[in-house]
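Descriptive structure summary
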Amino acid sequence: MDNKELKQERLMIQAAKLFYQDGLSMVEASELLGISRQKFSQLVKMAKETGVVQIKILDPEENRILELEEALKNRFALKKVRVVEVFSDQGELVRKSVGEAGFRLLSELVKPGDKIGIAYGRTLYQLVLFARPINCPNLGVVQLMGGLSRISVDVVATEIPRRLANILDAQVYYLMAPAFTKDQATRDAILQDENVQATLREKIDIALVGIGNLSPEATLIRTETITQAEHQELLDKKAVGDVCGIYFDVQGRIIDFPGNQRRIARSLEDLKKIPFVVGIAGGLDKTQAILGALRGGLVNALVVDKITAERLLKLEEEE
């Protein structure tokens, strides 16, 4: 390092000390160092980016979060668990918090060359909105489940894998078929298509899945992908939730209903072969659905909010 570089480094360190350690304002510190505020701002930013400044936040709740993660991991034999604190039970805020934590877990798990399978739903859409480029080359993003005409007014079904692949600079593999066809004959015909079969055969290393419930607001119910008659039949058979259109009860037992003969998505057997199947869901209205998915082994990793995590463990203990 030459004298110029050494001087620049010392200036950066001094700027960081004045700003973070001594609590001087940007105006005061820049005047003290005899540099412009713009230059001072650049030095402080550089200090954070290079690790000269490392911010540590002391959180008294952190131990409780770690305890919940460990308890869920042990109780349900999970490979990874992330519990995120939320400050409102408002659905959209919970989805945002859980989605952001879901991407952070993905960024920890993913390796160069991995293929990431992704389903869809409002929480996974939030995950994609919080996604950022990561230094991991040769990735692939695979659509796990056939599409819907629309998830909402602004999210077409293929948008989630497309956006994630774009952010990660990855190859995208679409499943160009509906999630549920009008009847079994139509599904069987579509499954003859080689492009559909090729996507369904793609080897996946990490799957990101939502956990739906049976409420009218659930994606498959709200879009009438599951018919009203099927919805009622699922309720009558005590279904509590779904993963990729696979419905189950609170004990994790798969529910037999006509929709199973219309579904185009990864099979349960295929899902269970994937090293990491990360369930990303939150909110007390999802508690029984998440519990059923955990008991049935439909997911082997979980991202969930703290309130729901506590309720899950309480329900499991009571039963």
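Everything numeric here is computed off the predicted structure, so don't read it as measured data.

Let's talk about the overall build of the chain
Across its full length, the chain holds 14 helices and 10 strands. Expressed as lengths along the three principal axes of its C-alpha atoms, the size of the chain is roughly 75 × 50 × 35 Å. Counting only residues that meet the buried cut, the chain has 48% of its 319 residues in that class. Considering only residue pairs separated by 6 or more positions, the chain has 73% of its internal contacts joining residues 24 or more positions apart. For the chain, the exposed area adds up to about 16300 Å²; of that, 49% sits on carbon and sulfur atoms. Positive and negative charge centroids in the chain, built from 43 and 45 side chains respectively, lie 3 Å apart.

Section: the sheet that holds strand S3 (residues 140-143)
On the basis of which strands lie adjacent, the open sheet formed by 7 strands has the order S1-S10-S9-S5-S2-S3-S4 and parallel pairing. Edge strands, defined here as strands with exactly one partner in the open sheet, are strand S1 (80-84) and strand S4 (171-173). Strand-to-strand twist of the sheet, defined as the mean angle between neighbouring strand axes without regard to direction, takes the value 15°.

Some thoughts on the pattern of salt bridges
Following the criterion strictly, the structure yields 17 salt bridges and no others. Here Arg-64 and Glu-310 are joined by a salt bridge, their closest N and O atoms 3.4 Å apart. Here the residue Arg-64 occupies a position in helix H4 (residues 62-75), and Glu-310 occupies one in helix H14 (residues 306-318), the gap between them amounting to 246 residues. Taking the relative accessible area as the measure of exposure, Arg-64 reaches 34% and is therefore partly exposed. Taken together, the shared-partner salt bridges in this structure form one network comprising Arg-64, Glu-67 and Glu-310.

Some words on the side chain of Lys-286
Mapped onto the secondary structure, Lys-286 falls in the loop between strand S9 (276-280) and helix H13 (287-295). It is Asp-285 that comes nearest to the buried, bridge-free Lys-286 among opposite-charge side chains, at 6.0 Å. In terms of polar contacts, Lys-286 uses its side chain to reach the backbone carbonyl oxygen of Ile-211, at 2.9 Å.

Quick notes on the environment of Ala-15
Along the polypeptide, Ala-15 turns up in helix H1 (residues 3-21). In this structure Ala-15 touches Leu-33, Phe-40, Leu-43 and Val-44, once residues within four positions along its chain are discounted.

So, H14
Turn by turn, an α-helix covers 3.6 residues, leaving residues three or four places apart pointing in a common direction. In this model H14 runs 19 Å from its N-terminal to its C-terminal C-alpha over 13 residues, within 8% of the 18 Å that 1.5 Å per residue would give. Buried residues of H14: Lys-306, Thr-308, Ala-309, Leu-312, Leu-313, Leu-315 and Glu-316, and no others. The inward-facing, buried residues of H14 abut H4, S1, H13 and strand S10 (301-305). For H14, the N-terminal capping position is held by Asp-305, with its side-chain oxygen 3.3 Å away from the main-chain nitrogen of Ile-307.

Brief notes about the packing of H13 against H14
Where H13 contacts H14, the axes come no closer than 10 Å and their chain directions differ by 65°. The way H13 lies across H14 gives a crossing that is right-handed. The residues of H14 that touch H13, namely those facing Thr-287, Ile-290, Leu-291, Leu-294 and Arg-295, are Thr-308, Arg-311, Leu-312, Leu-315 and Glu-316. Here the residues of the contact of H13 with H14 are counted per class, giving 5 nonpolar, 2 polar and 3 charged.

Here's the deal with the packing of aromatic side chains
In this description, a pair of aromatic rings is defined by centroid distance and the angle of the planes. Evaluation of the coordinates by the stated rule reveals 3 aromatic pairs. Each ring, one from Phe-19 and one from Phe-40, has its centre 6.1 Å from the other, and the planes form 75°; the classification is edge-to-face. Of the two residues, Phe-19 is situated in helix H1 and Phe-40 in helix H3 (residues 37-49); the sequence distance between them amounts to 21 residues. Ring centres 5.5 Å apart and planes at 80° place the aromatic pair Tyr-247 and Phe-257 in the edge-to-face group. You can see Tyr-247 sitting in strand S8 (residues 246-249) and its partner Phe-257 sitting in the loop between S8 and helix H12 (268-271), a full 10 residues away along the chain. Judged on exposure class, the residue Tyr-247 and its partner Phe-257 are both buried. It is Arg-75 that lies over the ring of Phe-76; its NZ or CZ is 5.6 Å from the centre. When the ring centre of Phe-276 is taken as reference, the NZ or CZ atom of Lys-79 above it lies at 5.2 Å.

Some thoughts on the nonpolar core
Counting residues in hydrophobic clusters, the biggest one holds 85 residues, and the most contacted among them are Leu-72 and Leu-208. Per-element accounting of this core gives the leading share, 7 residues, to helix H5 (residues 91-109). Setting aside residues no more than four positions away along its own chain, Leu-208 makes contact with Leu-106, Ile-116, Gly-117, Ile-118, Ala-119, Leu-124, Leu-127, Leu-144, Leu-164, Val-278 and Ile-280. Ala-15, Leu-18, Leu-43 and Ala-47 belong to the second largest nonpolar core, which has 10 residues in total.

Criteria and cut-off values
- Residues numbered from 1 in each chain as written.
- Predicted model: local features only at pLDDT ≥ 70, side-chain atom pairs only at ≥ 80, totals over all residues.
- Heavy atoms only, no water.
- Helix = DSSP H or I, 4+ residues; strand = E, 2+ residues; numbered from the N terminus.
- Buried < 20%, exposed > 50% of the residue type's maximum accessible area, 1.4 Å probe, protein only.
- Contact = heavy atoms within 4.5 Å.
- Areas by Shrake-Rupley, 256 points an atom, 1.4 Å probe, with all protein chains shown as cover.
- Lys, Arg positive; Asp, Glu negative; His and termini not counted.
- Charge placed at Lys NZ, Arg CZ, Asp CG, Glu CD.
- Pairing = 2+ DSSP bridges.
- Axes fitted to C-alpha atoms, helices over the stretch in contact; angles between N-to-C directions.
- Salt bridge = Lys/Arg side-chain N within 4 Å of Asp/Glu carboxyl O.
- Polar contact = N/O pair within 3.5 Å; in protein donor to acceptor, adjacent residues only side chain to side chain.
- Expected span 1.5 Å × (residues − 1).
- Left-handed = near helix turned anticlockwise from the far one by under 90°.
- Nonpolar A, V, L, I, M, F, W, Y, C, P; charged D, E, K, R; others polar.
- Phe/Tyr/Trp six-rings, centres within 6.5 Å; stacked < 30°, edge-to-face > 60°.
- Lys NZ or Arg CZ within 6 Å of the ring centre and 35° of its normal.
- Core = buried A, V, L, I, M, F, W, Y, C linked by side-chain atoms within 4.5 Å.

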